[in-house]
Protein chains: 2
Amino acid sequence: MKCSIPKGTRDFLPMEMARRNYIFDTIRNVFKAFAFEPIETPSLENLSTLMGKYGEEGDKLLFKVLNSGDFMDGVDFNQDYRKVAPRICERGLRYDLTVPFARFVVQHRDQISFPFRRYQLQPVWRADRPQKGRYREFYQCDADMIGSTSLLNELELVQMVDAVFNKFGIEVTLKINNRKVLAGIADLIGAPDKLVDITVAIDKLDKIGLDKVREELSERGLSNDQIIALDPVFNLSGSADDKLQQLSSLFQGNEVGTKGVAELSELFGYIAQVQPKCHVELDLTLARGLNYYTGAIFEVKAHNVSIGSICGGGRYDNLTGIFGMPDVSGVGISFGADRIYDVLTELNMFPACLGQSAQVLFINFGAESLPYCISSAAKLRAAGISTLVYPDAAKMKKQMDYANKNNIPFVVFTGEAEIAAQTLTVKDMATGQQETLTIEQMLQRFCNA
Amino acid sequence: MKCSIPKGTRDFLPMEMARRNYIFDTIRNVFKAFAFEPIETPSLENLSTLMGKYGEEGDKLLFKVLNSGDFMDGVDFNQDYRKVAPRICERGLRYDLTVPFARFVVQHRDQISFPFRRYQLQPVWRADRPQKGRYREFYQCDADMIGSTSLLNELELVQMVDAVFNKFGIEVTLKINNRKVLAGIADLIGAPDKLVDITVAIDKLDKIGLDKVREELSERGLSNDQIIALDPVFNLSGSADDKLQQLSSLFQGNEVGTKGVAELSELFGYIAQVQPKCHVELDLTLARGLNYYTGAIFEVKAHNVSIGSICGGGRYDNLTGIFGMPDVSGVGISFGADRIYDVLTELNMFPACLGQSAQVLFINFGAESLPYCISSAAKLRAAGISTLVYPDAAKMKKQMDYANKNNIPFVVFTGEAEIAAQTLTVKDMATGQQETLTIEQMLQRFCNA
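Treat the numbers as computed from the prediction; the structure is a model and nothing was measured.

Each value, and the rule that gives it
- Every chain's residues receive numbers from 1 upward, in the order its sequence appears when written.
- For this description, chains carry letters from A and ligands carry numbers from 1, given in the order in which they are written.
- In view of the model being predicted, local features appear only for residues whose pLDDT reaches at least 70, and side-chain atom pairs are presented and counted only at 80 or more, with totals across whole chains, interfaces and linings using the full set of residues.
- For the side-chain quantities, the full set of heavy atoms in the structure was used; hydrogens and water were omitted.
- Residues belong to one nonpolar core when they are buried, are Ala, Val, Leu, Ile, Met, Phe, Trp, Tyr or Cys, and are joined through side-chain atoms within 4.5 Å.
- Working definition: with a 1.4 Å probe on protein chains only, accessible area under 20% of the residue-type maximum means buried, over 50% means exposed, and in between means partly exposed.
- Contacts between residues were defined by any pair of non-hydrogen atoms, one from each residue, lying within 4.5 Å.
- The term buried area means the drop in 1.4 Å probe accessible area that two parts suffer when joined, counted for both and summed.
- Any carboxyl oxygen of Asp or Glu that lies within 4 Å of a side-chain nitrogen of Lys or Arg is treated as forming a salt bridge with it.
- Counting of polar contacts relies on pairs of N or O atoms within 3.5 Å, with two restrictions inside protein: one atom must be capable of donating a hydrogen and the other of accepting it, and residues adjacent in sequence are counted only when both atoms are side-chain atoms.
- At least two bridges found by DSSP between two strands is the condition for calling them paired.
- What counts as a helix is a DSSP run of H or I of at least four residues, what counts as a strand is a run of E of at least two, and both are numbered from the N terminus.
- In summary, the pairing rule links any two rings of Phe, Tyr or Trp, Trp by its six-membered ring, whose centres are within 6.5 Å, and it sorts them by plane angle into stacked for under 30 degrees, edge-to-face for over 60 and tilted for everything else.
- We call a charge positioned over a ring when the NZ of a Lys or the CZ of an Arg lies within 6 Å of the ring centre and within 35 degrees of the ring normal.
- pLDDT measures the predictor's confidence residue by residue and takes values from 0 up to 100.

Turning our eyes to something else, we now look at the nonpolar core. Formed by 270 residues in total, the largest nonpolar core has its most connected members in Ile88(A), Phe165(A), Phe335(A), Ile88(B), Phe165(B) and Phe335(B). Those residues in contact with Ile88(B), other than ones at most four positions away along the chain, are Leu66(A), Phe71(A), Ile88(A), Val65(B), Leu66(B), Asn67(B), Phe71(B), Val75(B) and Phe77(B).

Here it is, written out as C-alpha cells:
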C-alpha cells in the first residue's frame, strides 16, 4: 500500500513545526499586546453560511462534505452536478476566517461587548489548483475589530503590521488605499456601476502590468475614453500628502471620493505620529480582490523576495449584514503564515535555536542503574527541562549516536560511581567537556540558562 | 437569514478559548518535558488511508469530502450509496491521530530517527450522533513513541499521565491491563479465535454491568462453560502483585498469557520506583475498544465525576504494518481535552486568572490628547502588556463601563495635565485607587508583577 496525502496538503515535521510555531507565536503575541481576544469557529460550516460569499469562483473552491447515511435518498441525479452537490452536501469546510467571524458575531451578539476585537489562528481549505506556495489547507492569522468606525483602529492595524514584521526582522512595504477613493474614481470616469470591474482589473496591475490591465478593463466594458481617464490614478506621484492633495482637487464635488481622501489624510496623519519602522505607502492602484471592503485597504509586500503579498486587510462596513445584522462596521487584517514561512526561509531569517527538542539524554546502563536514572530524569522534567531516557540498554555508541543525530546538547551518565556518590556526570556535546554535578547543581545550571 | 453551525460543532468564545488553551498548554508542556516532538498532519487524508482502519462502524463515521468539479462524470448512481460514496469522494477528514501518525511514520521513515517520539494536538472529526459531551469535531492530544519495545516507554506514559493530572489538580485512577493477558484468557477458556469478541464485550463492563456482558458474550458465540471459565478474571483481588501472582498460576504453560503477566510485572515494578501521586490499578477487565493494541493498555478515570475515561492508550506492535512497514512497535497515549474541560468545569478547578485579556485601557480624550495617548500605549504594547486605546472619544461613563464590563484591571487617563507633566494617571479598577506615574514607572510596575 502506497502512502501519500492529498495534493496540496502537507505533513509538518518537528523542525517545520518549530518554525511555524515561531511565526504563530510572534503574531499571536502582537495580537495579545493589542488586546485582541482569541476565538475559534468550527472547521465545518453549513454550506448556506458559505455559499455566495466569495463570488462564483469561491463557490467552486469550497470543499463540500458528503451527508452521512444514505445521501442519495430522494435526490434526482439526472441534473447538472452543480445542482446535485448542495442536495447531497449540507456542510463545507471553511474558506476563510472572515465570513465565519461575521456569522459568529451575529450568532453571539448578546455574549460579546462592542467594540469587539478578536483574533483567530486556524486553517482554511480551498480546492484551488495546487502550485508552489499555494496549498489546499493553510493557516490564516486574522485580527478584526468590529463595532467602531474610528480610524484609530486602522492605525492600530498599521502598528501591528509594523510590530510583527519588525520582530521577524523582515523589511516590508505596507501599501494603503481606500475603497472610497476607488469608488470616487469610478464616478469620475463616468462608470460608477463598474467599480467592481475596475477593482478586479486594477488589482492585477502588479502581476500583469498596465497594458494588460487596460485590455481587461476594455473587455469588462469600459470605453477607451474611460480607460484613458483613469491615467491620473496611475500617474499620481510624490509623498502620500502630495498624492492626497492632487486627488483632492480631482475629486471636487465628488462626495465619496472626497470622503475617501479625508479618511486617508486622517490615517496618514496618525501614522506620521507613530513613525513606523516599516515603509508605509499610499498606493492608489491597490484594490484587493474581495468585494466586501468599503474603506481603508492594506497590503504588505516583503522586500528582496519575489512573492505575493504576505498580509492584507481592510475596512468593511456591513459584513454582518449578510447574516441579518446591518450597520456594524469592522476592520481587520490577515497574516499569511505560509508565505511568511517562505520569506523567512528564503532570507534565512529563522532564529537558529528553533527545533531543539530534548535538552538532556540519560544514557541507559541497564536495570541496575535505572531507578537512579529514572528518578533523576523525573526531577529535570518536573522543572520543565526536556529530558530523554534512552529506552533500551543499547551499546554506548548507539546511544551517543542518537544524541548526536538529534542535536541533544547534554548527555548524562548514571553509572555505578555516580549512583554511589549520588551525582551525575554531564557531558556537554558541543565542547566534549564532562562535569560531575549533583542534581541540584544541574537544575540550577539549566534554570539560570 | 438564520445563523447556526452544524450539529455537534462549537464556537469558542474568548473565555472558553482561555480555558481550552490552559488544558492544551498543560498537556503540551508535559509532552515537551518528556522530549516529545511536535508534528502535524493534514485534516484531509486520502479515504484509502482511512477506510478499513476503524472497523465497519468507524467507516460509517468518516466524513467524506466531495470531489471537486464534475464529481458525477462516469459514476453509476444506480447502486447502493455505500458503493457510490467512494466513487465521488477521494478524501475524508481524519478520524483520529493514530492512523495518520502511522501513515506519517512510513512516509517519512527516512527523515526521522528511531526511537521517534511525537506529540500531536489537532482536531478530529466523526459523524457520530451528537450528544452531551460528544462532538463531531473535537481535539485529541496524543503522544506516541515508536521504534522501541522497552517497557520504560510505558513507564514514561504513566509518569506523564501522573504529571498532567497532578498539574490540573484532578484526582484520577490510572487503570492498566495488557492485551496479552486478555489473549491468554481467551486461550485459557478455549476460545482463542474469540479474543476480539471477548475484548469488545469486557470493554463494556463499566457501562452495562457483568450480567449484560455475559449476555453479549453468549450472543457472540461463547458457550456457557466458557463464560463461567472467565469468572476468575472478574474475581481476582488484592494488589497488582497479588493479582499477577494469581494470574501467573492460572497461565502455567500458556505462553502469551505468561508473557503478558511478565510485562505487567516489569511495568508495575518500575511504577513502584517512581511512586506516582495518582492511583494506579491493575484492572483485568480493562479492554479498550480498538483492535490494534497488542500489549499494555491504559485508561484514566477522574474521581468524583461521572464521566467516561479522560485519557487512554496502549502498546501496538504493528500499526505501521497496514502501510507496508512491519515490525515497528509503538506505544502511545491520548488525552481527551473536551472531557478534561468538562471535568475541570464540574469540579470548578480552572485557575481564576484565565481569560483576562486587556490589562490596561487608555481613555480616549479626543484628538488633542491622542498623540501622547497613542505613544504611551505603544510603549506598553512593545513590552508585551495587553493594552487597549478606546477607539472613540465617547463619554467617560461609556468608556469606564467598557472597562468594567470587560474586567480590565487598570484604566489610564492622559488629559491635559498628564500631557503637560508627561505622566499617566493610572486607576486600579479593583480598589478605585489612582496614582500618577511616568511611563517608565508604569512599565516597571507591570514587568515586575
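A separate point is the interface of chain B and chain A. Taken residue by residue, the interface counts 98 residues in chain B and 98 residues in chain A. The contact between chain B and chain A buries some 8100 Å² in all, and 62% of this surface belongs to carbon and sulfur atoms. One salt bridge connects Glu156(A) with Arg381(B), and the closest N-O pair in it is separated by 3.0 Å. Counting every contact that joins chain B to chain A gives 28 residue pairs in polar contact (both at pLDDT 80 or more).

Residues and elements named next belong to chain B. Relative to strand β16 (residues 434–437), strand β15 (residues 424–428) is paired through 4 bridges, and the arrangement is antiparallel. Looking at the pairing, Val426 lines up with Glu435 of β16. From the end of β15 to the start of β16, which pair antiparallel, there are 5 residues, and Gly432 there has a positive phi angle of about 80 degrees.

All names here are of chain B. Counting through the fold element by element, Thr425 comes out in strand β15. Side chain to side chain, Thr425 and Glu418 meet in a polar contact 2.4 Å long. The contact partners of Thr425, leaving out residues within four places of it in the chain, are Val411, Val412, Phe413, Glu418, Gln434, Glu435 and Thr436.

Moving on, we come to the packing of aromatic side chains. Counted under the stated rule, the structure contains 35 aromatic pairs over all chains. Measuring from ring centre to ring centre gives 6.3 Å for Phe165(B) and Phe168(B), while their planes differ by 55 degrees; the resulting arrangement is tilted. Of this pair, Phe165(B) and Phe168(B) both sit in helix α6 (residues 152–168), separated by 3 residues, roughly a single helical turn. A relative accessible area of 2% means that Phe168(B) is categorised as buried. Through successive ring pairs, a cluster of aromatic residues spans Tyr22(A), Phe31(A), Phe36(A), Tyr119(A), Phe165(A), Phe168(A), Phe335(A), Tyr341(A) and Phe350(A). Against the face of Tyr135(A) rests Arg10(A), its NZ or CZ located 3.4 Å from the ring centre. In this structure, Arg126(A) packs its charged tip against the face of Tyr95(A), placed 4.0 Å from the ring centre.

With that out of the way, let us pick up the confidence of the model for chain A. With 99% of its residues at a pLDDT of at least 70, chain A reaches an overall mean of 93. Across the interfaces of the predicted complex, the ipTM metric reaches 0.92, alongside a pTM of 0.93.

With that settled, the discussion passes to the pattern of salt bridges. Pairing between side chains of opposite charge can happen when the charged atoms of each approach one another. All names here are of chain A. One pass over the full model with this rule turns up 46 salt bridges over all chains. Close ionic contact of Asp144 with Arg118 constitutes a salt bridge, the shortest N to O distance being 2.8 Å. Of this pair, Asp144 sits in strand β6 (residues 137–146) while Arg118 sits in strand β5 (residues 116–125), and the two are 26 residues apart along the sequence. Classification of Asp144 as buried rests on a relative accessible area of 3%. The salt bridge involving Arg445 is made with Glu435; its shortest N-O contact spans 3.0 Å. On the criterion of sequence distance, the pair formed by Arg445 in helix α18 (residues 439–448) and Glu435 in strand β16 (residues 434–437) is long-range, its members being 10 residues apart. Exposure remark for Arg445: the relative accessible area of 43% places this residue in the partly exposed category.

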